[in-house]
Amino acid sequence: MNNYSLIDKLKILVDVASSSSLFLFCSMIFIFALIFYFICKSKSINISKWVFIGIWTVLALILIIYYNKYVLQFLDSFTDFIFSALYFPNFYVYTSIILIINFYLLFSIISNKIKKPNKIVNICSGILIDAMLGLIIGIVNNYNINVNDTVSTYSNPKMLVMLQLSSSIFASWLLLNLLCSAYLKLKKYDKDDYPKMQEIIFEDV
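Residues numbered from 1 in each chain as written. Predicted model: local features only at pLDDT ≥ 70, side-chain atom pairs only at ≥ 80, totals over all residues. Heavy atoms only, no water.

**Observations regarding the overall build of the protein**
The number of helices and strands found in the protein is 8 helices and 0 strands. Going from the N terminus to the C terminus, the protein shows its helices and strands as α-α-α-α-α-α-α-α. Put simply, of all contacts in the protein between residues at least 6 apart along the chain, 61% involve residues at least 24 apart. If you sum the accessible surface of the protein, you get close to 15,900 Å²; carbon and sulfur atoms cover 70% of it. (Helix = DSSP H or I, 4+ residues; strand = E, 2+ residues; numbered from the N terminus. Contact = heavy atoms within 4.5 Å. Areas by Shrake-Rupley, 256 points an atom, 1.4 Å probe, with all protein chains shown as cover.)

**Notes on the nonpolar core**
By size, the foremost hydrophobic cluster in this structure holds 19 residues, and its most contacted members are Tyr94, Ile101, Ile129, Ile136, Met159 and Leu163. Broken down by secondary-structure element, the contributors of at least two residues to this core are helix 5 (91-110), helix 6 (116-143) and helix 8 (157-204). A total of 8 residues in this core trace back to one element, the largest contributor, which is helix 8. The contacts of Tyr94, once residues within four sequence positions are left out, are Ile129, Met132, Leu133, Ile136, Leu163 and Ser166. (Core = buried A, V, L, I, M, F, W, Y, C linked by side-chain atoms within 4.5 Å. Buried < 20%, exposed > 50% of the residue type's maximum accessible area, 1.4 Å probe, protein only.)

**Quick look at the side chain of Asn156**
Inspection of the secondary structure puts Asn156 in the loop between helix 7 (150-154) and helix 8. Side-chain polar atoms of Asn156 contact the backbone nitrogen of Lys158, separated by 3.0 Å. When residues no more than four places from it in sequence are discounted, the contact partners of Asn156 are Ile139, Tyr143 and Ile145. (Polar contact = N/O pair within 3.5 Å; in protein donor to acceptor, adjacent residues only side chain to side chain.)

**Some points on the environment of Asn68**
Structurally, Asn68 is set in helix 4 (residues 68-87). Take Asn68: its relative accessible area is 41%, and that puts it in the partly exposed class. One polar contact links the side chain of Asn68 to the main-chain carbonyl oxygen of Ile65, over a distance of 2.8 Å.

**Thoughts on the side chain of Asn177**
Within the secondary structure layout, Asn177 lies in helix 8. Judged by its relative accessible area of 14%, Asn177 is buried. Other than its neighbours up to four places away in sequence, Asn177 contacts Asn118, Val121 and Asn122.

**Focus: the packing of aromatic side chains**
Applying the stated criterion across every chain yields a total of 2 aromatic pairs. Relative to Phe107, the ring of Phe103 lies with its centre 6.3 Å away and its plane at 10 degrees, an arrangement referred to as stacked. Linking Phe103 with Phe107, this pair stays in helix 5, spanning 4 residues, or about one helical turn. Phe103 gets classed as exposed once you look at its relative accessible area, which sits at 51%. (Phe/Tyr/Trp six-rings, centres within 6.5 Å; stacked < 30°, edge-to-face > 60°.)

**Here we look at a nonpolar patch on the surface**
Taken together, the side chains of Met28, Phe30, Ile31, Phe32, Leu34, Ile35, Tyr37, Phe38 and Ile39 present a nonpolar region at the surface, about 860 Å² in accessible area. With respect to the secondary-structure elements, Phe32 resides in helix 2 (residues 21-42). (Patch = residues over 30% accessible without salt bridge, like charges linked within 9 Å, V, L, I, M, F, W, Y side chains within 5 Å. Salt bridge = Lys/Arg side-chain N within 4 Å of Asp/Glu carboxyl O.)

**As for helix 2**
If you check helix 2, its first and last C-alpha atoms are 32 Å apart, about what 22 residues at 1.5 Å a residue would give, namely 32 Å. Residues Leu22, Cys26, Ala33 and Cys40 constitute the buried set of helix 2. Buried residues in helix 2, looked at end-on, bunch into an arc of 55 degrees, giving them a common side. Away from the buried face of helix 2 by more than 90 degrees, exposed residues Ser21, Phe32, Phe38 and Ser42 are located. (Expected span 1.5 Å × (residues − 1). Arc of directions from axis to C-beta.)

Coordinates in, geometry out; function isn't part of it.
Okay, structure coming up:
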């Protein structure tokens, strides 16, 4: 593999970017949108954030339509990767799961910004994943499993089940956190809208 210098890399980047008419077109729209934003900001003109969300959506749709074949291939490969990572996690994926959940476990304990339902989910998931880690370390020690070797890892049925259960805990943790956050936001909106509804009712009466 060739070892390119930073200057060579920048030259290749400029060459690739300048050879793509679609990239130049999208870049021009993005630059004009930024210039428009800063001009309006300097003149204290308020612009709805939906304008920029709309621009970003249009650019994304243009890229998806233009490169639809490659986008579908990427999504297919990405789906296979996610499925394999969750159902057959290797040592590095498993380590990442442990670090992420334990980080949120500690953050939930020391932070007052995390709501109670999310705290309960994070603490329970952290305890479960650490318990699974203890069991996995015991299996590795008892059966002399090489965790860096995929064949050695998955040839042991107990190790396979423990890793798959750990991945299920991780997926459940993500899903429950999303559901708790969505529930709390909806509950907050209901509380904010209730006084307004009362005002409207009394005004009509």
